[in-house]
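# Topology and contacts: notes
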Amino acid sequence: MTVNITLLVVMGVLVAVGVYLILERSLTRVMLGLMMLANGANILLLTTGGAAGLAPLYDADIPAGEYNDPLPQALILTSIVISFAVTAFMLGIIYRSWVLGRQDEVQDDIEDRRVANQPSFDAEDDTAIPVETTEFAAPDDADERPAAPRTRARRQK
């Protein structure tokens, strides 16, 4: 199997640019980054399919090794549908942000800054756990006796 270096380089560039754009504050750039990341993933799936082969239609005269693997193609189609849905969702968010604030940039609010400035120590989550955490008494400390078995004599009147 030969590796197509050109497709791998294009895939690496698309993923790198996509990650860079996702880290921006503008929602339009985030959407473009998601689209580039999805296209980079599609090219990666395409390269995993191997060299081009025959269509995966059964014929008794063709050996099994000459067929093309249909799984990467199905995964690419699934990825295209998912990326289309994410793009449509992002377009809706961008449109709503533009209608409400006339900008598509995500701003920090007071609550974000308060959460960012609070200490990382949480008294409830970060305290030491005691060695004995059970609420039940040990068997040797129990002062109950086993219950007496029921007899038929009690039921008779």
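The following refers to the structure shown. Quick caveat, the model's predicted, so the values are computed rather than measured.

Right, let's get into the packing of helix α2 (residues 27-48) against helix α3 (residues 71-101). Their axes nearest at 10 Å, the elements α2 and α3 cross at an angle of 180°. Classified by the interaxial angle, the pair formed by α2 and α3 is roughly antiparallel. Residues of the contact of α2 with α3, tallied by class, amount to 17 nonpolar, seven polar and no charged.

Between helix α1 (residues 5-22) and α2, the least distance of the axes is 7 Å, while the angle of their chain directions is 155°. Looking at the two axes, α1 sits roughly antiparallel to α2. Of the two elements, α1 crosses α2, and the hand of that crossing is left-handed. Counted by class, the contact of α1 with α2 contains 18 nonpolar, five polar and one charged residues.

This part takes up the nonpolar core. Core analysis: the largest hydrophobic core is formed by five residues, namely Leu27, Val30, Met31, Met90 and Ile94. Ranked by residues supplied to this core, first place goes to α2 with three residues. Discounting chain neighbours no more than four positions away, the residues touching Met90 are Leu27, Val30, Met31 and Leu34.

Attention shifts here to the environment of Gly49. Here Gly49 is to be found in the loop between α2 and α3. Apart from the residues lying within four places of it in its own chain, the contact partners of Gly49 are Asn68, Asp69 and Pro72.

Tracing the chain through its elements places Thr87 in helix α3. Since its relative accessible area comes to 17%, Thr87 is described here as buried. Linking Thr87 and Met35, residues 52 residues apart in sequence, is a C-alpha distance of 7.2 Å. Beyond its immediate stretch of four places on either side in the chain, Thr87 contacts Met31 and Met35. Polar contacts involving the side chain of Thr87 include one to the main-chain carbonyl oxygen of Ser83, which spans 2.7 Å.

Our focus in this paragraph is a nonpolar patch on the surface. A cluster of nonpolar side chains, namely Val3, Ile5, Leu8, Val9, Val13, Val17 and Leu44, defines an oily patch on the protein surface of about 570 Å² accessible area. At five residues, the largest contribution of residues to the nonpolar patch is made by α1. Locating Leu8 in the fold gives a position in helix α1. Note on Leu8: relative accessible area 30%, which makes it partly exposed.

When the charged atoms of two side chains with opposite charge come close together, those side chains can pair. Taken as a whole and judged by the stated rule, the model has two salt bridges. We note a salt bridge from Glu111 to Arg114, for which the minimum N-O separation is 2.5 Å. Here Glu111 and its partner Arg114 are both found in helix α4 (residues 110-117), three residues apart, which amounts to about one turn of the helix. Classification of Glu111 as partly exposed rests on a relative accessible area of 41%.

Calculation notes
- Residues numbered from 1 in each chain as written.
- Predicted model: local features only at pLDDT ≥ 70, side-chain atom pairs only at ≥ 80, totals over all residues.
- Heavy atoms only, no water.
- Axes fitted to C-alpha atoms, helices over the stretch in contact; angles between N-to-C directions.
- Helix = DSSP H or I, 4+ residues; strand = E, 2+ residues; numbered from the N terminus.
- Parallel < 35°, antiparallel > 145°, perpendicular 65-115°, else oblique.
- Nonpolar A, V, L, I, M, F, W, Y, C, P; charged D, E, K, R; others polar.
- Left-handed = near helix turned anticlockwise from the far one by under 90°.
- Core = buried A, V, L, I, M, F, W, Y, C linked by side-chain atoms within 4.5 Å.
- Buried < 20%, exposed > 50% of the residue type's maximum accessible area, 1.4 Å probe, protein only.
- Contact = heavy atoms within 4.5 Å.
- Polar contact = N/O pair within 3.5 Å; in protein donor to acceptor, adjacent residues only side chain to side chain.
- Patch = residues over 30% accessible without salt bridge, like charges linked within 9 Å, V, L, I, M, F, W, Y side chains within 5 Å.
- Areas by Shrake-Rupley, 256 points an atom, 1.4 Å probe, with all protein chains shown as cover.
- Salt bridge = Lys/Arg side-chain N within 4 Å of Asp/Glu carboxyl O.

Everything listed here is a matter of geometry and, on its own, says nothing about what the molecule does.
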